[in-house]
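# Coordinate analysis (summary)
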Amino acid sequence: MKTNAVFSTGFGAVARSRFAGLAMAFAMMLAGCRGCSDEASLDDEVEVQAKKTESRALRRERRMSSRADLKKLRALTLRAPSAEESDHELASAIEEARALIEQSDAELAREALVDLAAWLAEHPDDLDALYWSGRARVVTLEYDQAIELFKSALKVDDTYVLPYRWVVYALGERQRFSDALPMAALAVKLAPADPDVYVDRALCGLRSGNFDTMEADFEKACSLGDTEICDVAAAARMVAERRKGGKAKRAAKGGKSDARKQKLGKGKSKGKKGSKLGVGMGIGADRRVGKGKLGKGKGKGKGKGKGRKAAQRKRQEGAEGTASTTE
């Protein structure tokens, strides 16, 4: 019995020690795997955070760039004042007037206008005199008169591109960009190799909310070598998309409000008609019926009252007659 106990005790101790060793090895293995996985997940997290930081920096850079481009876009102006003038020979009186006008001084421009008026009195269809008279009116900020003079010049020669461009400029100064668009389109047809005419038409489209040719005009001006426009083309596209989206939203809201107004209008009109009919029928009928009932009631009441009084009188007379007979 002792031998068996000792044997069993030794075997159990050996088994327990082996089991403990295996358990420890398994635990170490698990701990090692967890350590590996923790280290791998940490590396992944670091990489994800680095990508997030990089993407935030890129977004910030794009925002700054787009803001700068939008600022450039807002600063763009119509290009007519920087246009190259025709190099054909002018009459001496017109050449002198031109020299005064190009100084962009209002007093000198008025002086030039006097000389040009004298010239036009003798040469009413002189293209150059009409054109430079319009230019003088631009300097004196008399844009309506300038537009009429430029149009008079175009009646003499409708292939002269500069009057078109100055009409666009004068209309732009009056914030009439929608009216300027057709003239800008004619300038594009007459000078298709000039990037400035595309810029003028694009700006008229942008500022009047007409985006039909705006993007193509900016791209064309860029392709013709206008690097300033290359920088703002994307910003112009973004502005156009936003405005189109805003217009679509306003149109949708307008449609909903119109439908709602229409429904409310119908409801109100029906309600009014219904109320008038209802009040008219109800009150009129009630009054008629009421009066009839009241009339009948009054009549019945009065009749009953008179009948009762007559009966009382008869009873009283009868009682008096009986009493007198008894006496």
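See the structure shown above.
Quick summary incoming for the structure in this document. What you see is a predicted model, and the numbers here were worked out from it, not measured in a lab.

Relative to the helices and strands, Leu-108 resides in helix H3 (residues 106–122). Between the alpha carbons of Leu-108 and Thr-140 there is a distance of 9.5 Å; along the sequence they are 32 residues apart. Those residues in contact with Leu-108 that lie beyond four places of it in its chain are Leu-100 and Gln-103.

Turning next to the packing of helix H4 (residues 127–139) against helix H5 (residues 143–156). One can describe the packing of H4 onto H5 by two numbers: an axis separation of 8 Å at closest approach and a directional angle of 165°. Judged by the angle between their axes, H4 and H5 are roughly antiparallel. Classified by chirality, the crossing of H5 by H4 is left-handed. Contacts from Leu-127, Leu-130, Tyr-131, Ser-133, Gly-134, Arg-135, Arg-137 and Val-138 of H4 reach H5 at Tyr-143, Gln-145, Ala-146, Leu-149, Phe-150, Ser-152, Ala-153 and Val-156. Broken down by class, the residue content of the contact of H4 with H5 amounts to ten nonpolar, four polar and two charged.

Looking now at the state of the cysteines. Under the defined criterion, the tally for this structure stands at one disulfide. Disulfide pairing places Cys-222 opposite Cys-230 at an S-S distance of 1.9 Å. Measuring handedness by torsion sign, the sulfur bridge of Cys-222 and Cys-230 sits at about 105° and is right-handed. Overall, Cys-222 belongs to the partly exposed group, its relative accessible area being 28%.

Right, let's talk about the packing of helix H2 (residues 92–101) against H4 for a bit. It is at 10 Å that the axes of H2 and H4 come closest, and there the two elements cross at 20°. On the basis of their axis angle, the class for H2 and H4 is roughly parallel. Like other packed secondary-structure pairs, H2 and H4 cross with a definite hand, here left-handed. Residues Ile-94, Arg-98 and Ile-101 of H2 pack against Asp-128, Ala-129, Trp-132, Arg-135, Ala-136 and Val-139 of H4.

Definitions and limits used
Residues numbered from 1 in each chain as written. Predicted model: local features only at pLDDT ≥ 70, side-chain atom pairs only at ≥ 80, totals over all residues. Heavy atoms only, no water. Helix = DSSP H or I, 4+ residues; strand = E, 2+ residues; numbered from the N terminus. Contact = heavy atoms within 4.5 Å. Axes fitted to C-alpha atoms, helices over the stretch in contact; angles between N-to-C directions. Parallel < 35°, antiparallel > 145°, perpendicular 65-115°, else oblique. Left-handed = near helix turned anticlockwise from the far one by under 90°. Nonpolar A, V, L, I, M, F, W, Y, C, P; charged D, E, K, R; others polar. Disulfide = S-S within 2.5 Å. Buried < 20%, exposed > 50% of the residue type's maximum accessible area, 1.4 Å probe, protein only.

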